[in-house]
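These are the residues of each chain, in order.
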Amino acid sequence: MKTLASYVKGSWVQGNDAAATLVNPATEEPVAQTSTAGVDFGGAVEYARRQGGPALRELTFAQRGELIRAMSKAIHDAREELIALATENGGNTRGDAKFDIDGAAGTLAAYADLATELGSARVLADGEGIQLGRSPRFHGQHIWTPRLGVAVHINAFNFPAWGLAEKAACALLAGMPVISKPATATSLVSWRAMQLIVEARALPDGALQLICGGAGDLVSHLGGQDVLAFTGSSDTAATLRAMDCAVRRSTRVNVEADSLNAAVLGPDVEPGSDTEDLFVADVVKDITQKTGQKCTAIRRVFVPASLVDHIAERIVERLGDIVVGNPADQGVRMGPLATAQQLADVRAGIERLAGETTEVFTGTAPNGKGYFVPIALRRTDDPANAAALNEHEVFGPVATLGVYDGAAETAAALVRKGAGGLVASVYSDDRAYLEAIVLDIAGHHGRVFIGSKKVAGHSPGPGTVLPLLTHGGPGRAGGGEELGGLRGMRLYQQRTAIEGDKTLIGALIG
Ligand code: NAP
């Protein structure tokens, strides 16, 4: 069994007590242990501020981009090894593991490219300068500079590589050092990825530290120049938001939390059309990819009454082909849930849904050892009054068909019942229908995906977060925003209005 360690203040540190055991979720066998007992969290924060921050701020954007590119390469070069670890500790199929690991390398590479475009700058102008007096001499200009603290990144269990990489890419490019804390249960991949980054000497000292295990008192050390970017459950988010650093010291907090993502099928979509094929494929992918443990996965599937039986049949046909089992075995297309707690939560969630929905499909899954759960497709003809459907995220291979009357306004109202989401998707080729729904739901979401015959075969679907588009959503989704190309740096930068002599300001910001 491996013993993991945290990378703190330039060296690897093992905890001295009470280790957590990481298991293989397909077999329940232990694979590693880790502890952060005795780790000097305050020292890690200070080290980042004193060592990592100045080293990064000295660099131009292009130079920071080269660091990010080296991280991408370190991960990509060890792709096969990381895929094997994701199967062992995350229950990932090869496809699931690639989604996480290639997503990590790809997102870092995308940010490295953006950095190249910014070239030798260290400061960014925010919009055009403004004439403030009667003559052009007295001038104002908004600028972005890096915050002078540390970015603490706390991530969920489902993306141990991508979660580390996507947050780090934005912070490092902005010029902020990072302390990254993956979820303990699946931290084997994050730990190895960090080892690879350290071995490659990709980053200056103090630019990236890793906490492998419980967060201890890490967050309590944060202050007004620091950032806390959290991905995980709404309950943990509420605890973090209430901490003194956020309430009294204005640590900037970004939250990516739960989401009851909806997919809507328009009434114009013809059986057998490319748009219908795309809709069915995206729904099936989101139910089963990463065993439904994707924050962007489609949970609520709204289908016009005239099409629902046909659509249910098509989805069930596809779901029935999916073999659930140990992802290390040939032919398995969906693995177990990641943890015993996940298994208990998903079973309880399906029970809750069962109180207000009917069964359309329940698959089969191995009995005995392993956190396996059968794929479940449910249905309700009264989705507007289905409380669990619209309020409770079941974080597993479960979705519910909700029948609606085919009107765009009805669909929009149903989608909005999710009370703020990461992504909603609408599948239609009817311009008037799309106009009526897309702008109506946009304010409730960080992203809206439009599926049509024109994009069939050209898109990875709504469940894939792309580095150049924003990720995050209002309300239930946590109110945060990440990625979105250069927008992803905003969390880690301070906007300052500089006013004074125009020529001087021009010389200052370059
Ligand atoms: P979680 O239990 O809230 O844990 C998330 C992270 O918070 C873990 O790293 C955990 O560390 C840490 N944590 C827990 N309590 C803490 C505390 N008091 N102080 C500091 N850190 C603390 O969530 P999860 O079960 O890993 O993730 C599942 C949830 O995440 C789902 O609800 C899903 O929707 C959401 N999610 C959202 C997104 C998004 O982008 N919006 C993406 C993925 C997942 P330990 O593991 O050490 O306890």
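How each quantity is defined
- Residues numbered from 1 in each chain as written.
- Predicted model: local features only at pLDDT ≥ 70, side-chain atom pairs only at ≥ 80, totals over all residues.
- Heavy atoms only, no water.
- Near = heavy atom within 4 Å.
- Polar contact = N/O pair within 3.5 Å; in protein donor to acceptor, adjacent residues only side chain to side chain.
- Areas by Shrake-Rupley, 256 points an atom, 1.4 Å probe, with all protein chains shown as cover.
- Helix = DSSP H or I, 4+ residues; strand = E, 2+ residues; numbered from the N terminus.
- Domains from an automatic or database assignment.
- Expected span 1.5 Å × (residues − 1).
- Buried < 20%, exposed > 50% of the residue type's maximum accessible area, 1.4 Å probe, protein only.
- Contact = heavy atoms within 4.5 Å.
- Pairing = 2+ DSSP bridges.
- Axes fitted to C-alpha atoms, helices over the stretch in contact; angles between N-to-C directions.
- Salt bridge = Lys/Arg side-chain N within 4 Å of Asp/Glu carboxyl O.
- Nonpolar A, V, L, I, M, F, W, Y, C, P; charged D, E, K, R; others polar.
- Core = buried A, V, L, I, M, F, W, Y, C linked by side-chain atoms within 4.5 Å.

Points about the site of the ligand
In the vicinity of the ligand, 25 residues are found, and the nearest of them are Asn155, Thr184, Ser233, Thr236 and His471. Measuring from an oxygen atom of the ligand, one finds a side-chain N or O atom of threonine 236 at 2.6 Å. The separation between a nitrogen atom of the ligand and a polar main-chain atom of alanine 257 is 2.9 Å. Taking 910 Å² as the accessible area of the ligand by itself, protein coverage stands at 78%. Put simply, the parts of the chain that give the shell around the ligand at least two residues each are strand 11 (227–231) and helix 7 (234–241). Lining the shell around the ligand are residues from two domains, each supplying at least three of them: domain 1 (37–257 + 481–509) and domain 2 (262–467).

Thoughts on unusual backbone geometry
Despite not being glycine, serine 250 shows a phi value in the positive range, around 60°. Position of serine 250 among the secondary structure elements: in the loop between helix 8 (244–247) and strand 12 (252–256). Although it is not a glycine, lysine 290 adopts a positive phi angle of roughly 50°.

Observations regarding helix 4 (residues 94–118)
With 25 residues, helix 4 should cover 36 Å at 1.5 Å per step; its first-to-last C-alpha distance of 36 Å lies within 8% of that length. Immediately beyond the C-terminal end of helix 4, within one or two residues, lies glycine 119, with a positive phi of roughly 60°.

What to know about the environment of arginine 64
Position of arginine 64 among the secondary structure elements: in helix 2 (residues 61–77). Among the residues examined, arginine 64 registers a relative accessible area of 1% and is labelled buried. A sequence separation of 325 residues divides arginine 64 from leucine 389, and the C-alpha atoms of the two residues are 44 Å apart. Setting aside residues up to four positions removed in sequence, arginine 64 forms contacts with Leu56, Arg57, Leu59, Arg122, Leu172, Leu173, Ala174 and Gly175.

Quick notes on the pairing of strand 11
The buried fraction of strand 11 amounts to five of the five residues, a majority that puts the element mostly inside the structure. Alternating positions in strand 11 separate into two faces, Val227, Ala229 and Thr231 on one and Leu228 and Phe230 on the other, with burial throughout. Note: strand 8 (residues 151–154) against strand 11, four bridges, orientation parallel. When the bridges of strand 11 are listed, alanine 151 appears paired with valine 227.

Section: the side chain of glutamate 166
Inspection of the secondary structure assignment puts glutamate 166 in helix 5 (residues 162–174). There is a polar contact of 3.4 Å between the side chain of glutamate 166 and the side chain of lysine 167. The contacts of glutamate 166, once residues within four sequence positions are left out, are Thr107, Glu482 and Leu483.

Quick look at the sheet that holds strand 1 (residues 2–3)
Ordered in space as 1-5-4, the three strands form an open sheet in which the pairing is mixed. The open sheet has two edge strands, strand 1 and strand 4 (20–23), and neither has a second partner. Taken together, the two bridges between strand 1 and strand 5 (residues 30–34) define a ladder with parallel strand orientation. Within strand 5, the position partnered with threonine 3 by the bridge is glutamine 33. Across the sheet, helix 3 (residues 79–90) touches strand 1, strand 4 and strand 5, and the angle it forms with strand 4 is around 110°.

Quick notes on the domain arrangement of the chain
Along its sequence, the chain is organised into domain 1 (37–257 + 481–509) and domain 2 (262–467). Its C-alpha centre places domain 1 at a distance of 31 Å from the equivalent point of domain 2. If you look at the interface, domain 1 gives 21 residues, while domain 2 gives 23 residues. Inspection of the region where domain 1 meets domain 2 yields zero salt bridges. Secondary structure elements with two or more residues in the side of domain 1 that touches domain 2: helix 3 and helix 4. Per element, the largest residue contribution to the side of domain 1 that touches domain 2 is five residues, and it comes from helix 4. Split by residue class, the side of domain 1 that touches domain 2 holds nine nonpolar, 10 polar and two charged.

Digging into the nonpolar core
The nonpolar side chains of a soluble globular protein tend to be buried with one another. Core analysis: the largest hydrophobic core is formed by 65 residues, its most contacted members being Met71, Ile75, Leu172, Leu203 and Tyr492. Of all elements in the fold, only strand 5, helix 2, helix 3, helix 4, helix 5, helix 6 (187–199), strand 10 (208–210) and strand 11 reach the threshold of two or more residues within this core. Every residue in contact with isoleucine 75, bar those within four places of it in the chain, is listed here: Leu82, Ile101, Ala104, Ala105, Leu108, Ala193 and Ile197. Counting 32 residues, the second largest nonpolar core, distinct from the first, contains Leu265, Val283, Ala312 and Ile322.

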